[in-house]
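Chain by chain, the residues:
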Amino acid sequence: MAALAVSAAALTGITACTTAGSAASAPSGQGTQASQATQSGPGTQSARQAGSIIPAHSALHWHSCAGQLAQEGVPDCAMLSVPVNYADPGGRHLSLALDMIPATAPRSQQQGIMLVNPGGPGGDGLPLAAEVAQGLSSGVAADYDIVGFDPRGVGSSVPELSCDPGFFSGVRPNYIPADPAAEQVLINRAKMYAADCQQKSGWLLPYMTTQDVARDMDSIRAAFGVSQLNYYAFSYGTYIGQVYATLFPSRVRRMVLDSTVDPTAVWYTDNIGQDYAFQGRMEAFFAWVARYDGTYRLGGTAAQVQASWYRARNQVLAHPVNGIIGADEFDDTFLQGGYLDELWPGLAQALSSYLNSGQTAAMVTQYEGNGTQNENEFAVYNAVQCADVSWPRSWARWNSDTEQVFKTAPFQAWDNAWFNAACAFWPVPGPAHPPQIKGTGLPGILMLQGTLDPATPYAGAQDAHKLLPSARMVVVVGGGNHGQSLEQPSNSCVEGYLNAYLATGALPQAPGLTNATCPAVPAPTPGTSQ
């Protein structure tokens, strides 16, 4: 599936030195190495503070963050040891990287820990703590210990999963195969990637499922010594939340699900739904560019702009820009405009400069800022989704389905197929059916959803809503961005519902599946690109 994550800066570097903070930031004493900061996993402190939501006797040893996290103002970092296999808690362990923006409100006003997740699978969760702390109203953020974490296999967690570090190096074979021989080249790439994952990390692959990640979240809760957690997540992170709520309903206090995965269609069917939704977003982009033909000179209709886009794609296919941007890299760059329309001006200007002036600098800038692939994220993405549930093992099925999609939704059809193709050959077969999401015994949940979201389409989010009877959904009418909260520019209507819920638990009360509506943030104008 095209990445199920909201954008977050890639921050690295966690070292030691103690800092003060909230009740959750008890000084750790002498240790300064990551190994000395590693603590045991589930159950170590839960009994001590049963019934309390405010950390008082955390098992975590917090240290000052370093590198980009420190520059972003994140004070506290730690590592937590958890079982690789929760059925064998005394066996091999791995380490999760955590960070925290501590609560600053008086203890009597604090509302406990809030775990945050940007999606993925494979998204780096550490940077999101600072983004959430800065994005919420200051009074609400002060009530929570906001905790980011790199899920198992991701980023600063240990081990960091990698199958083929060079997989995205150089100009890659065209996503759209010209003939059966070209298709076989891409099939072989997918087979090799799956084999490389097995060779390098076969011991870990069976334990990379969403259920494992949800149990890791509960280990984090237990290490804080609290009886419940709050959770705020985007995209794939909403599926983690749904699985966590199914496994541990009594341990959920509040939960925000922004841009929600359809749990009934993971993952093969969800991919196909994405293809059609991304086609709609690209057509919206083409129409937007046409509206500003005087600026971009790419065509005065959406069809003309689309023709210009494909002309550029064919040119970079034949002559890659600077030897690094071929057709695949071009597709990957423009795909990001489907997630966030604030990227449209920059993408349109890059396309215009390339076609109208032969200039490549803007295209390179857009590719480097938006189109490059992270192999660690790709490895975790595959490890999670391929093991979560069974996938078709016949490539003839993949080919037939993709050809059918391509007839009416060509933009993402083959790109998405190849992004997931390793699952056809994955060494760890997933179960026949995903976990059945159950909404019983849960508190009120806030869902935020755009009607034109391409990565987690609206219909699928409503399927999730039907399984969560205590949830209330705020629908952003005409919203195409993937992630409706913490937007830039901000959607004040959405932020109002978000902050009210996190402050008091208040939810919109209109009946049905659309419990409140907000207007979408206006489309950008030329010259306002990120």
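Residues numbered from 1 in each chain as written. Predicted model: local features only at pLDDT ≥ 70, side-chain atom pairs only at ≥ 80, totals over all residues. Heavy atoms only, no water.

Novice: Requested: an account of the pairing of strand 6 (residues 113–117), with residues and values cited.
Specialist: Among the five residues of strand 6, five are classified as buried, and the element is accordingly described as predominantly covered. Neither face of strand 6 is open: one carries Ile 113, Leu 115 and Asn 117, the other Met 114 and Val 116, and all of them are buried. Taken together, the four bridges between strand 6 and strand 8 (residues 145–150) define a ladder with parallel strand orientation. Directly across from Ile 113, in strand 8, lies its bridge partner Asp 145. Where strand 6 lies against strand 9 (residues 229–234), four bridges are found, and the strand directions are parallel. Across the sheet, the residue bridging to Met 114 is Asn 230, located in strand 9. (Buried < 20%, exposed > 50% of the residue type's maximum accessible area, 1.4 Å probe, protein only. Helix = DSSP H or I, 4+ residues; strand = E, 2+ residues; numbered from the N terminus. Pairing = 2+ DSSP bridges.)

Novice: Help me get a handle on the packing of aromatic side chains, residues and values and all.
Specialist: According to the stated counting rule, one finds 33 aromatic pairs in the structure shown. Measuring from centroid to centroid gives 5.2 Å for Tyr 239 and Trp 267, while their planes differ by 80°, and the two rings are edge-to-face. Taken together, the positions of Tyr 239 in helix 7 (residues 236–247) and Trp 267 in the loop between strand 10 (252–258) and helix 8 (268–291) put the pair 28 residues apart, joining distant regions of the chain. There is no split in this pair, since Tyr 239 and Trp 267 are both buried. A network of ring pairs unites the aromatic residues Phe 285, Phe 286, Trp 288, Tyr 292, Tyr 296, Trp 309, Tyr 310, Phe 330, Phe 334, Trp 344 and Phe 411 as a single cluster. Above the plane of the ring of Trp 203 lies Arg 92, whose end atom (NZ or CZ) is 3.5 Å from the centre. One cation-aromatic arrangement involves Arg 189 over Phe 167; the distance from NZ or CZ to the ring centre is 4.0 Å. (Phe/Tyr/Trp six-rings, centres within 6.5 Å; stacked < 30°, edge-to-face > 60°. Lys NZ or Arg CZ within 6 Å of the ring centre and 35° of its normal.)

Novice: Describe the pattern of salt bridges, naming the residues involved and giving the relevant values.
Specialist: Per the stated rule, a full pass over the model turns up eight salt bridges. We note a salt bridge from Arg 152 to Asp 216, for which the minimum N-O separation is 2.7 Å. With a gap of 64 residues between them, Arg 152 in the loop between strand 8 and helix 5 (180–201) and Asp 216 in helix 6 (residues 210–224) connect regions that are remote in the sequence. On the accessibility criterion, Arg 152 (1% relative accessible area) is buried. For Asp 216, a relative accessible area of 2% gives the class buried. The salt bridge involving Asp 218 is made with Arg 251; its shortest N-O contact spans 2.4 Å. In this pair, Asp 218 is assigned in helix 6 and Arg 251 in the loop between helix 7 and strand 10, connecting sequence segments 33 residues apart. (Salt bridge = Lys/Arg side-chain N within 4 Å of Asp/Glu carboxyl O.)

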